[in-house]
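# Overview (structure and organization)
If you want the building blocks of each chain, they are given just below.
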Amino acid sequence: MTEAKKTPLLDELEKGPWPSFVKEIKRAAANSPSAQDLLGQLELSYVDKKAHWKHGGLVGVMGYGGGVIGRYSDVPEQFPNVEHFHTVRINQPSGWFYTTKALRQVCDVWEKYGSGLTNLHGSTGDLVLLGTKTEHIQTIFDEISNFEEHPMDLGGSGSNLRTPSCCAGPARCEFALIDTLDICHDLTNEFQDYLHRPMWPYKSKIKISGCPNDCVASIARSDFSIQGTWRDDIKIDQEAVRAYVAEGFDIEGLVISKCPTKCMSFDGNELTIDNANCTRCMHCINKMCKALRPGDDRGATILVGGKAPILQGAMMGWVIVPFMKLEPGSGYQELKDFLEDCWAWWDEHGKTRERIGELILRLDMRNFLRGIGREPIPQMVVAPRANPFFFWWPEEVEQD
Amino acid sequence: MEELKSQILAFLEGVSKEKPRVIAEKIGAKKRDVDKACSELAKEGKIEYLYIGTSFVTLAGKDHTPGVIREE
């Protein structure tokens, strides 16, 4: 094992009230030479004010292009145990529900071939295991995919479909309006080839939220955000509304004045909602969940174009399909056809490293809609409370 | 499909790495067909996917480790 090195700069990160990854890596370093060299290289990065990792290279398993992110040290002579330090992504179960046995199986594999545990889930949703060598990758894949119980697959990385992820949905949440777990599982199986073989201009993400509260931030973090919603009227229990008020609840200040479309009113006895003008933001239901409930005609809103800054700045998804029925067991064919149409258009026109939202901005919403065979709708706005950003084709505009 | 796979392998003989879209343009095939052929070739172990900022395909066995000097 490499001799333990002093890490005064990293030690600073252990001070303060928060848990520190440095403390955890130090614990792992007691048994792991790569964790020890990881500390040394990280300290050097703080001294030099630059990262000492080289990103890329050819690391994968037979037949796959996604699931492993290659990383090499640029100072291997100083830190030979982190010369290779690849990340393995493992496809998580819908909603991150693991049995302890499944987690133990993963931990056993990682104890043999990995550097220790630094974090468990990445932003994409997969189980991420950091720090293994090139020669171990195929073995890791063979072992996780042959677990006696709960065999696992690699997740997505590269210019392909990233592992779909969802909130816990109906398993734990009273607000779930769609079966996020079933949709996520179904889409993962359906598009498995897109997940493992990089074929597109860049990455594409699907995230599924059970309701407009969007606890998994699908609108900001995914190219395709699927959010549970309803299209009939909000259900009102007027007795319960009056009970809230009788208990001193400030219905005017906390609910009615905060409604983004001002579609609610309360006359001291009855609460009225102009449902045609409701944007289904859920604020009123969150505040008065004993009196207000979502409607019964449930489905999903599909938004396209969310992403973090790469070519353009950070973008949120735009509503493309205001409502789509997504019943468990239906096969979700309409949703799958929509995704395929969007990917085909993007694959044909997108530049390298251009996400679908950036392509829509570059080529315009009308080209996107014509490409996927959809009509413009009033919900298509650049940003909340902004003008629609569909521009009519010149031949469709009637001049005076 | 077998003929297309042969064309892809022959094209990749002459380059270090390439994206499926460019391969499709160069050999005059549909991108979707090239994607399917690449997928089969990867499962057969004849090509590999490579990630350097974005994804490429390359013939199996070519060394693309960053910083390693190679003769192309």
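In the nomenclature of an unreviewed UniProt entry, chain B is known as Dissimilatory sulfite reductase subunit D of Desulforamulus ferrireducens.

As annotated in an unreviewed UniProt entry, chain A is Sulfite reductase, dissimilatory-type subunit alpha from Desulforamulus ferrireducens.

### Details of the sheet that holds strand 2 (residues 68-69) of chain A
Residue and element names in this part refer to chain A. The 3 strands are arranged 2-4-5 in an open sheet whose pairing can be described as antiparallel. Of all strands in the sheet, those with a lone pairing partner are strand 2 and strand 5 (127-132), marking the two edges. Sheet topology note: the strand 4 (residues 86-90)/strand 5 ladder contains 5 bridges and is antiparallel. Bridge pairing links Ile 90 to Leu 127 in strand 5. Strand contacts of helix 5 (residues 137-144): strand 2, strand 4 and strand 5, with the helix running at about 15 degrees to strand 4, the strand carrying the most contacts.

### Some words on helix 4 (residues 100-113) of chain A
All names here are of chain A. For helix 4, which comprises 14 residues, the first-to-last C-alpha distance of 20 Å matches the rise-based estimate of 20 Å (1.5 Å per residue) to within 8%. For helix 4, the set of buried residues is Ala 102, Gln 105, Val 106, Val 109, Trp 110 and Tyr 113. Seen from one end, helix 4 has its buried residues packed into an arc of 130 degrees, which puts them on one side. Within helix 4, the exposed residues directed more than 90 degrees away from the buried face are Thr 100, Arg 104, Glu 111 and Lys 112. Contacts from the buried residues of helix 4 go to strand 4, strand 5 and helix 5.

### Some words on the pattern of salt bridges
In total, this model carries 27 salt bridges over all chains according to the counting rule given. A salt bridge links Lys101(A) to Glu149(A), with the nearest nitrogen and oxygen atoms 3.0 Å apart. Of the two residues, Lys101(A) sits in helix 4 while Glu149(A) sits in the loop between helix 5 and strand 6 (165-166), which places them 48 residues apart along the sequence. Here Lys101(A) falls in the partly exposed class, since its relative accessible area comes to 39%. Note that Lys336(A) is salt-bridged to Glu190(A), the shortest N-O span being 3.3 Å. Taken together, the residues Lys336(A) in helix 12 (residues 333-349) and Glu190(A) in helix 6 (residues 180-190) connect sequence positions 146 residues apart. You can call Glu190(A) partly exposed: its relative accessible area is 43%. What you see here is one network of salt bridges that share partners, running through Glu2(B), Lys5(B), Glu40(B), Glu44(B) and Lys46(B).

### Considering the sheet that holds strand 14 (residues 318-324) of chain A
Residues and elements named next belong to chain A. Taken in spatial order, the 5 strands make up an open sheet running 6-7-8-13-14, and their pairing is mixed. Every interior strand has two partners, whereas the edge strands, strand 6 and strand 14, have only one. Here 4 bridges tie strand 7 (residues 206-209) to strand 8 (residues 224-230), and the two strands are oriented parallel to one another. Opposite Lys 207, over in strand 8, you have Ser 225 as the bridge partner. Most of the contacts of helix 14 (residues 365-372) go to strand 14, to which it runs at about 35 degrees, and overall it touches strand 13 (298-304) and strand 14.

### Structural notes on the packing of helix 2 (residues 21-29) of chain A against helix 3 (residues 33-48) of chain A
All names here are of chain A. The N-to-C vectors of helix 2 and helix 3 enclose an angle of 140 degrees; their axes lie 7 Å apart at closest approach. Overall, the two elements helix 2 and helix 3 adopt an arrangement that is oblique. Residues Phe 21, Val 22, Ile 25, Lys 26, Ala 28 and Ala 29 of helix 2 pack against Ala 35, Gln 36, Leu 38, Leu 39 and Leu 42 of helix 3. Classifying every residue of the contact of helix 2 with helix 3 gives 9 nonpolar, 1 polar and 1 charged.

About the thresholds
As a convention, each chain's residues are numbered from 1 in the sequence order in which they are written. Here every chain gets a letter starting at A, and every ligand a number starting at 1, in the order they are written. For this predicted model, a pLDDT threshold of at least 70 governs which residues receive local features, and a threshold of 80 or more governs which side-chain atom pairs are given and counted, while totals over whole chains, interfaces and linings are taken from all residues. The basis for the side-chain values is all heavy atoms of the structure; hydrogens and waters are excluded. Pairing between strands is defined by DSSP: at least two bridges between them are needed. Secondary structure elements follow DSSP: runs of H or I of four or more residues count as helices, runs of E of two or more count as strands, with numbering from the N terminus. In this analysis, two residues are considered to be in contact whenever any of their non-hydrogen atoms come within 4.5 Å of each other. Axis definition: a line fit to C-alpha positions, over the contact stretch in the case of helices; interaxial angles, taken between N-to-C directions, run 0 to 180 degrees. Any helix carries an expected span of 1.5 Å times its number of residues minus one. Accessibility here uses a 1.4 Å probe with only protein chains present; expressed as a share of the type maximum, an area under 20% marks a residue as buried, one over 50% as exposed, and anything in between as partly exposed. By definition, the arc is the one covered by directions from the helix axis to the C-beta atoms. Take a side-chain nitrogen of Lys or Arg and a carboxyl oxygen of Asp or Glu: if they are within 4 Å of each other, that pair is a salt bridge. Roughly parallel covers angles under 35 degrees, roughly antiparallel covers those over 145, roughly perpendicular covers 65 to 115, and oblique covers all other angles. Three classes are used, and their members are as follows: Ala, Val, Leu, Ile, Met, Phe, Trp, Tyr, Cys and Pro are nonpolar, Asp, Glu, Lys and Arg are charged, and the others, Gly among them, are polar.

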